[in-house]
Amino acid sequence: MQIIIVGCGKVGSTLAEQLSQEGHDISVIDINEKIVEEVSYKYDSLGVVGNGASHLTQVEAGIEKAHLLIAVTGSDELNLLCCLIARKVGDCKTIARVRNPIYSKEINFIKEELGLSMVINPENAAASEITRVLRFPSAISIDRFNKGRVELLNFKVQDGSILHNISVKEIASKLHCDVLVCTVERAEEVIIPNGEFIIKEKDVVSIIASHKKAVEFFVKIGVISNPVKNAMLIGGGALSYYLANQLIGYGIDVKIIEQDLNRCEVLTELLPRAMIINGDGTNQSLLKEEGIEETESFASLTGLDEENVLLSLYAHSKTKGKIITKVNRIAFDDVINNLELGSVIYPKYITAEYIVQYVRAMNNSIGSNVETLYKIKKDKAEALEFYVNEDSKLIGIPIEKLNLKDNLLICCINRSGKIITPRGQDCIVKGDRVIVVTTNLGYQDLADILRG
Amino acid sequence: MNYRFISYIVGWILNFQGIFLIIPSFVALYYGEDSGFAYVVTSIICLAIGVALTLKKPSNKAFYAKDGFISVAACWIVLSITGALPFVFNGEIPSIVDAMFETISGFTTTGATILSDVEALSKCNLFWRSFTHWIGGMGVLVFVLCILPLAGGDNMHLLKAESPGPSVNKLVPRVRDTALILYGIYIFLTIIEVVLLLISGMTAFDALTTSFGTAGTGGFGIKNNSMADYSVAIQNIVGVFMMLFGVNFSIYFLLLVRKPKQILKSEELRVYVGIIAISTIVIGINIRGSFPSIWSALQQAFFQVSSVITTTGFATVDFNLWPSLSKSVLILLMFVGACAGSTGGGIKVSRIVILWKDIKNELAAYMHPRSVRTVRIEGKKVNNEIVNSVKTYISLYLVIFISSVLLISFENYSFETNFTAVAATLNNVGPGFDGVGPMENFAKYNSFSKYILMFDMLAGRLELIPMVIIFNPSVWKIRGKRLFS
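Residues numbered from 1 in each chain as written. Chains lettered and ligands numbered in written order. Predicted model: local features only at pLDDT ≥ 70, side-chain atom pairs only at ≥ 80, totals over all residues.

(A) Examining the overall build of chain A more closely. In terms of regular secondary structure, chain A is built from 15 helices and 24 strands. The C-alpha atoms of chain A give 23 Å as radius of gyration, which agrees with the globular expectation for 452 residues (22 Å, within 12%). Per-residue burial for chain A yields a buried fraction of 44% across its 452 residues. Taking the intrachain contacts of chain A between residues at least 6 apart in sequence as the baseline, contacts between residues at least 24 apart amount to 59%. (Helix = DSSP H or I, 4+ residues; strand = E, 2+ residues; numbered from the N terminus. Rg over C-alpha atoms; globule rule 2.2 N^0.38 Å. Buried ≥ 20, exposed ≤ 12 C-beta atoms within 10 Å, placed from the backbone. Contact = placed C-beta atoms within 7 Å.)

So this is what it looks like as structure tokens:
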């Protein structure tokens, strides 16, 4: 596809990299000549210097033939204007990043009226991500697919866990739990386990299960998995606002520590049910006074990555609660992953990821039989959604009798809206949507999963 | 410096060289010449080394601008050496220095020769000489880019290092597609020329070799007196096509995507055409006396102007005998060169335009010290970095030029000979004046001078920087240790 990206900040260049690698023709527009040159060289794309909302600039970038325009500049209004003009000039879909809370309430109106295909709010998206983790604290992270209906819960097998040295098959027999082990991550490698696979300490295991069954499972393996009851948020930015709003909606008590008195006043007005504390979040005595030792979850959400990292490390030494760290810069993620920071949230990365998912879904609907495609586990595995036609070879055969390829798992079946976690005896019927998780990338058709 | 990856690219270049070398052996087969065996042998050598180097894909793919420059320089040197081997093997140019001079002259599309009797060469050697022009014209690495799937941004560094001109513009988002389009235009234009030449009564062999020489703006003739024996029609076709190959190829792309209005806006093209028109008229009037009519004088003048400004170097007459005004104009044209992004050499019209505008601005700044001005081309601001790089280019150009003239002056030829020898090689023109005029050759120089001129040809083709960088000592250091101390 021909894609135009307006704005080459962190999100823009991440998108350019990702989408160019996936074989799309990318044009990037930015006002800064240096950045345009760098991005266009590095990620094999066409660079255009200029204002993205200018009609001529868009024409130069090839708007007439483009399929999609993504506006991710720093300014909401510019982004919306870019999309509006693109809609008028070319026949393309548009995605805008809009982060101002003022617009977020009327986002559907804006989307409708301006003909946008997708509006993304990075802070809101990050907040949803955090909310999901806090509702499931034992999971490190949660990958969603099938429009959020299927959740892949990732958790780390702790030292001394009863899962240590147990095979995947035995989970059902020994623990009497009905969960599907989907992938196991061991030392940078992603494995799709079969029944004989033995789980070890420190593995990151991901499971698919309904909410109730997952809770049951976590209790049996001795991990507390009740949703947290209270949350302490350091920093009162937009992300904190969205997060607090969502958490309050789930009945979680929220305490926000913010340095700026004016901002505190704004927050109390916006969030009447939250406790707003005016003070320095890096002040240890203040944190103790406000109960860092008892809190069930702690999120460092200030604007400074360094401060967030230090705060989370400090919190880790004081509390057993769930810790969330916001990190803006993506560049040092491999270093950060070695620290005890709990769940690390990259708002920029989440934004890029959401958009890439949209593009993939859009791209996949052209040509191949893949309905949607999600990259999971840092792109080392794929979850593909297939629609089952009536002439499919898989219909009517119990899954255990199918001659499936290695490193592949049929992880769920969506039968007219109902999610089924398939067992060996289950059959696929016509009209199902089947989700397959695999580490062999690049399947085009459901028949590809069969051997031979 | 990622030496492993550079050697991988060099390996691929050797593979392609191996394939290219097969073609002359078919020519030899067709004409029943036994000198063709040399091409088969060289091809096997190239493929053996090439396959050995490319067997394993390097795991470290970090590739930066400096690696791009080094790869390009290394590839061209490797091409020159392997391309020279067949001449030595079949004994038609027995000296390796001469053979290398001839090959470098071919690949860099210079067209300077050390042969006094070109017609004595066998057909396959003649074919290979002209074919090197065609390969070198658009650039070998650009060709490799079309075929080889290297990862993302690496390609841009290669394209940048090999393409002529102050800045490289991609036509379409992907480097690979850009390279394909460029080669498509190149091949298409070449085919048209071949067909037209065939229609005008050339033999197939002559038409092919002449077209290769024109397309690459090389200028190796297959006759001792270059193009003089051919009919006026053929001369005119070649004259026009030389001019066409000296135009920035992105102009043809604009034609392809049907935006002819933008072509007229191209400042470089207008200046280029303007220079050709004015020079043709000046020379035409100047040489009027020695031709039967003003039209034949203008026709000869146009051919020579087109040949020299695009740095091709074909000749229809011995312009060494022309009056000195005409000679001076031709020398100036040698320096100007063709458009950026074409197959021609020289300083390039776009650099001249940028420099000219910059000089105007600087002069204005003397009178109005506080004036703020920018260089604009086609209404768009030219980045200061580009203006600076043009200035650096010109300075470096002068340094190389002057030192080369000095170094080859140890031999006692006339100043005009030495000066134009360097001008003709550094600008990839081919023939100069006096001792290296169109009907003379470079055989008279000793090996040392030939090496200097070979360096000049490579430096001129690769726009100086890669050839200078490869002699930078820091390139030859691995982890702080010098490779050669």
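(B) Seen up close, the overall build of chain B. Counting secondary structure elements, chain B contains 20 helices and four strands. On C-alpha atoms alone, chain B measures out to a radius of gyration of 22 Å, which is about the 23 Å that the 2.2 N^0.38 rule sets for 485 residues. Across its three principal directions, the C-alpha atoms of chain B cover 65 × 60 × 50 Å. The proportion of buried residues among the 485 residues of chain B is 51%.

(C) How the structure looks around the environment of A:V179. All names here are of chain A. Structurally, V179 can be placed in the loop between helix 8 (168–175) and strand 10 (180–186). Using a count of 21 C-beta atoms within 10 Å as the deciding quantity, one classes V179 as buried. The sequence separation of V179 and T421 amounts to 242 residues, and the corresponding C-alpha distance is 8.3 Å. Setting aside anything within four residues of it in sequence, one finds V179 in contact with I171, I207, A209, K213, A214 and F217.

(D) Main features of the UniProt feature "binding site: K(+)" (unreviewed entry) in chain B. Residues and elements named next belong to chain B. Under the UniProt annotation, "binding site: K(+)" (unreviewed entry) lies at T109, T110, G218, T311, T312, N428 and V429. The largest pairwise C-alpha distance within this set of annotated residues, which runs over 321 residues, is 8.2 Å, so the set is compact in three dimensions. If you trace the backbone, G218 turns up in the loop between helix 9 (204–215) and helix 10 (232–245). Among the secondary structure elements, V429 is positioned in the loop between helix 18 (415–426) and helix 19 (447–461). Not counting residues up to four positions away in its chain, the partners in contact with V429 are T110, V308, T311, G313, M334 and A424. (UniProt positions renumbered as here; feature names shortened; annotations may be inferred.)

(E) Broad picture of the confidence of the model for chain B. All names here are of chain B. A residue-level look at chain B finds 97% of positions with pLDDT of 70 or above and a mean pLDDT of 88. Of all the helices and strands in chain B, strand 4 (residues 481–482) carries the lowest mean pLDDT, 56, while helix 13 (residues 267–286) carries the highest, 94. We note a pTM of 0.79 for the whole complex and an ipTM of 0.72 for its interfaces. (pLDDT = per-residue confidence, 0-100.)

(F) Highlighting the sheet that holds strand 5 (residues 93–97) of chain A. All names here are of chain A. Here six strands make up an open sheet; going across it, the order is 3-2-1-4-5-6 and the pairing parallel. This sheet does not close on itself; its edge strands, each paired only once, are strand 3 (46–49) and strand 6 (118–120). Each strand of the sheet is rotated relative to its neighbour by a mean of 15°, with strand direction disregarded. Judged from the five bridges that link them, strand 1 (residues 2–6) and strand 2 (residues 25–30) form a sheet pairing that is parallel. By the bridge assignment, I4 is partnered in strand 2 with S27. Packing of helix 4 (residues 76–89) onto the sheet brings it into contact with strand 1, strand 4 (68–71) and strand 5, and relative to strand 5 it is tilted by some 175°. (Pairing = 2+ DSSP bridges. Axes fitted to C-alpha atoms, helices over the stretch in contact; angles between N-to-C directions.)

(G) Representation of the UniProt feature "domain: RCK N-terminal" (unreviewed entry) in chain A. Within the UniProt annotation, "domain: RCK N-terminal" (unreviewed entry) is assigned to residues 1–120 and 228–356 of chain A. Taken end to end, residues 1–120 of chain A has its terminal C-alpha atoms 21 Å apart, with 45% of it in helix and 22% in strand.

(H) Seen up close, the packing of helix 13 of chain B against helix 15 (residues 324–336) of chain B. Residue and element names in this part refer to chain B. Running from amino to carboxyl end, helix 13 crosses helix 15 at an angle of 160°, the nearest separation of the two axes being 9 Å. Regarding the angle of helix 13 to helix 15, the classification is roughly antiparallel. As for the relative orientation of helix 13 and helix 15, their crossing is left-handed in sense. Listed contacts from helix 15 to I275, S279, V282, I283 and N286 of helix 13 are L325, S326, V329, L333 and V336. Residues belonging to the contact of helix 13 with helix 15 are distributed by class as follows: seven nonpolar, three polar and no charged. (Parallel < 35°, antiparallel > 145°, perpendicular 65-115°, else oblique. Left-handed = near helix turned anticlockwise from the far one by under 90°. Nonpolar A, V, L, I, M, F, W, Y, C, P; charged D, E, K, R; others polar.)

(I) Inspection of the domain arrangement of chain A at higher detail. All names here are of chain A. Examined at the domain level, chain A breaks down into domain 1 (2–120), domain 2 (126–220), domain 3 (230–350) and domain 4 (367–449). Centre-to-centre separation of domain 2 and domain 4, based on C-alpha positions: 20 Å. Each side of the interface is counted separately: domain 2 has 14 residues, and domain 4 has 20 residues. Of all the elements, strand 10 adds the most residues to the side of domain 2 that touches domain 4, at four residues. (Domains from an automatic or database assignment.)

(J) Here's a closer look at the packing of helix 9 of chain B against helix 10 of chain B. All names here are of chain B. At a closest axis distance of 8 Å, the pairing of helix 9 and helix 10 adopts a crossing angle of 35°. Here T210, T214 and A215 of helix 9 lie close against helix 10, whose contacting residues are V238, F241, M242 and F245. Taken together, the residues that form the contact of helix 9 with helix 10 break down as five nonpolar, two polar and no charged.

(K) Fine view of helix 3 (residues 65–89) of chain B. In a regular helix each residue adds 1.5 Å, so 25 residues correspond to 36 Å; helix 3 of chain B covers 37 Å between its end C-alpha atoms and thus fits that length. Taken from the residues just after helix 3 of chain B, B:G91 is the one with a positive phi, measuring 75°. (Expected span 1.5 Å × (residues − 1).)

(L) Expanded view of the nonpolar core. In terms of nonpolar packing, the biggest core is built from 135 residues, with B:I13, B:V72, B:C75 and B:V140 touching the most fellow members. In terms of residues, this core owes the most to one element, helix 1 (residues 3–31) of chain B, which gives 13 residues. Beyond its immediate sequence surroundings of up to four residues, B:V72 is in contact with B:L141, B:L158, B:A161, B:E162, B:L462 and B:P466. Ranked by size, the runner-up nonpolar core spans 128 residues in total, among them A:I63, A:A209, A:Y241 and A:I324. (Core = buried A, V, L, I, M, F, W, Y, C linked by C-beta atoms within 7 Å.)

(M) Structural view of the pairing of strand 22 (residues 408–415) of chain A. Residues and elements named next belong to chain A. The buried fraction of strand 22 amounts to six of the eight residues, a majority that puts the element mostly inside the structure. Sheet analysis places strand 22 next to strand 24 (residues 433–438), joined by six bridges and oriented antiparallel. Each residue of the ladder has a partner; that of L409, found in strand 24, is V437. As defined by bridge partners, strand 22 adjoins strand 23 (residues 418–420) across three bridges and the pair is classed as antiparallel.

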